[in-house]
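Breakdown of the fold
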Amino acid sequence: MKKVILTTGGTGGHIYPAIAVADSLREKGVECSFVGTKHRMEKDILGRSKYKFIGLDVIPLSIKKPLSFFKMFKSIIQAIFIVMRERPEAVIGFGNYISVPILVAGLILGKKVYLQEQNANLGFANKLLYRFADKSFLAFEKTYDELPIKYYRRLEVTGNPLRKEVYLADRQTEREKLKIEEDEKVLLITGGSLGAKSINDALLKKWNLALEDKKVRIYWATGEGHFEEVNNKVKKYKANDVIKPYFENMPNIMAAADLIVCRAGALTISEIIELAVPAILVPYQSIKVGQYENAKILEEAGAAFVHRNSEAEIAIDRAFDLIKDPKEMARMKVQLKIMQKENAAERIANDIDIWGN
Ligand SMILES: CC(=O)N[C@H]1[C@@H](OP(=O)(O)OP(=O)(O)OC[C@H]2O[C@@H](n3ccc(=O)[nH]c3=O)[C@H](O)[C@@H]2O)O[C@H](CO)[C@@H](O)[C@@H]1O
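Definitions and cut-offs
Residues numbered from 1 in each chain as written. Predicted model: local features only at pLDDT ≥ 70, side-chain atom pairs only at ≥ 80, totals over all residues. Heavy atoms only, no water. UniProt positions renumbered as here; feature names shortened; annotations may be inferred. Helix = DSSP H or I, 4+ residues; strand = E, 2+ residues; numbered from the N terminus. Phe/Tyr/Trp six-rings, centres within 6.5 Å; stacked < 30°, edge-to-face > 60°. Buried < 20%, exposed > 50% of the residue type's maximum accessible area, 1.4 Å probe, protein only. Lys NZ or Arg CZ within 6 Å of the ring centre and 35° of its normal. Core = buried A, V, L, I, M, F, W, Y, C linked by side-chain atoms within 4.5 Å. Contact = heavy atoms within 4.5 Å. Near = heavy atom within 4 Å. Polar contact = N/O pair within 3.5 Å; in protein donor to acceptor, adjacent residues only side chain to side chain. Areas by Shrake-Rupley, 256 points an atom, 1.4 Å probe, with all protein chains shown as cover. Nonpolar A, V, L, I, M, F, W, Y, C, P; charged D, E, K, R; others polar. Domains from an automatic or database assignment. Buried area = accessible area lost by both parts, 1.4 Å probe. Salt bridge = Lys/Arg side-chain N within 4 Å of Asp/Glu carboxyl O.

The record in UniProt for the chain states the following under Pathway (unreviewed entry): "Cell wall biogenesis; peptidoglycan biosynthesis." Listed in UniProt under the heading Function (unreviewed entry), the comment for the chain reads: "Cell wall formation. Catalyzes the transfer of a GlcNAc subunit on undecaprenyl-pyrophosphoryl-MurNAc-pentapeptide (lipid intermediate I) to form undecaprenyl-pyrophosphoryl-MurNAc-(pentapeptide)GlcNAc (lipid intermediate II)."

As structure tokens, then:
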């Protein structure tokens, strides 16, 4: 049986695409296992999945924390033993410092090494390793701009691998399941897999708009870390509004939504495209995670509006205006549909070179 090790972790945006690719490989009879850290959300998400999961003791590299370099070195040594023991045909990394040990071990041991980049710009780990990888799978054409031409033949734009549910979700069916009336509009608010304080605070300040608009149903994912605060502060809400720390069925809610206010994490952007949901984006401000570049892709296509973190309240005001403008939302939907791609998980599973004897 062929074997592949996938390495990922940190946030949903790095973990879900890896699971989507593993699911496609598994359907083709490939045995998949995962390596991440034992500190972050992959230990829970992958720990309870059908896949074997190994958590390393790796933390973000920082000059202020010399221990981080020691832990990275130790993890690389451990990773070499893991790769020697598992004997995979290939290793695939999904970005983040967490993926470095297994990818380095794969390179040292002469395995096929693949990368997947979810964002418009390469992140730290992928930037470090793309020169050595057999192929890097990109979500957006824009990434070509930052890479030397001599590497182009080892790049492939596939879009982001998304959960199956995203491809299966159908707007009408999901609205029926959620019992949404014909004349009711759904406004989804989410801050990505960790939640977004600025978006939450802005909506709390503007909550009167949500109360006034009886025909706008709110689905609000606050993020685990922010739920208690939001829940304590929202004194009143309409019977149909749903406020939760996290929606496990996000693809279904997104498919039913008329408009979304959210961060610009790469997966959220790709899901917005696939489900053609007009969006108002408030990118996470850290330059390191590159959400502005992701957001710009939709803004330049005329498929979303973008506001800075400090303008989160303006974004909420705009949402309550835009949701009453079906013509503008229909125009944005058309732009999103133009950007749709085929199933990236399938394509990556087919295009990694493990299928010969
Ligand atoms: C702060 C940070 O480091 N953000 C990065 C992180 O984002 P992060 O993981 O927050 O964001 P993404 O938008 O990429 O992915 C979030 C995923 O979680 C799902 N979801 C979210 C909320 C919820 O209630 N239920 C649910 O299922 C979304 O549908 C999506 O599939 O990884 C992304 C991919 O590398 C990067 O683009 C982001 O910049």
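Let's talk about the UniProt feature "domain: Glycosyltransferase family 28 N-terminal" (unreviewed entry) in the chain
In the UniProt entry, the feature "domain: Glycosyltransferase family 28 N-terminal" (unreviewed entry) is given for residues 4-136. For the annotated span residues 4-136, helix accounts for 42% and strand for 21% of the residues, and the straight-line distance between the end C-alpha atoms is 16 Å.

Let's talk about the packing of aromatic side chains
Given two aromatic rings, one states the distance between the centres and the angle between the planes to describe the pair. All chains considered together, the criterion is met by six aromatic pairs. Plain terms: the ring middles of Tyr219 and Phe247 are 5.9 Å apart, the flat faces sit at 65° to each other, and that makes the pair edge-to-face. Taken together, the residues Tyr219 in strand β9 (residues 216-221) and Phe247 in the loop between β10 (242-244) and α11 (250-256) connect sequence positions 28 residues apart. Across the pair, exposure class does not vary: Tyr219 and Phe247 are buried alike. It is Arg163 that lies over the ring of Tyr16; its NZ or CZ is 4.3 Å from the centre. Over the aromatic face of Phe305 sits the side chain of Arg318, whose NZ or CZ is 3.9 Å from the ring centroid.

Re the nonpolar core
Ranked by size, the top nonpolar core spans 66 residues in total, and within it Val4, Leu25, Leu188, Leu281, Leu298 and Ile352 carry the most contacts. Per element, the largest residue contribution to this core is eight residues, and it comes from helix α1 (residues 12-27). Each residue touching Leu298, except ones within four places of it in the same chain, is listed here: Ile269, Ile272, Ile273, Leu281, Ala303, Ala304, Leu336 and Met339.

A word on the site of the ligand
Neighbouring the ligand are 24 residues; Gly13, Asn119, Phe247, Thr268 and Glu271 lie closest to it. Within the backbone of Gly12, a nitrogen or oxygen atom sits 3.4 Å from an oxygen atom of the ligand. Between the ligand and Asn119, the relevant distance is 2.4 Å, taken from an oxygen atom to a side-chain nitrogen or oxygen of the residue. Within the complex, the protein chains bury 94% of what would otherwise be the 770 Å² of accessible surface of the ligand. When grouped by side-chain class, the residues that make up the shell around the ligand number nine nonpolar, 13 polar and two charged.

A word on the domain arrangement of the chain
Per the domain assignment, the segments of the chain are domain 1 (3-159 + 342-351) and domain 2 (165-338). Each of domain 1 and domain 2 has a C-alpha centre, and the two are 29 Å apart. Counting residues at the interface gives 16 residues for domain 1 and 14 residues for domain 2. Between domain 1 and domain 2, the buried area comes to about 1200 Å², and carbon and sulfur atoms account for 62% of it. At the boundary of domain 1 and domain 2, one finds one salt bridge. The partner of Glu293 in a salt bridge is Lys142, and the shortest N-O contact between them spans 3.0 Å. Counting the contacts that link domain 1 with domain 2 gives five residue pairs in polar contact (both at pLDDT 80 or more). If one sorts the elements of the side of domain 1 that touches domain 2 by residue count, α1 sits on top with four residues. In the side of domain 1 that touches domain 2, the residues fall into six nonpolar, seven polar and three charged.

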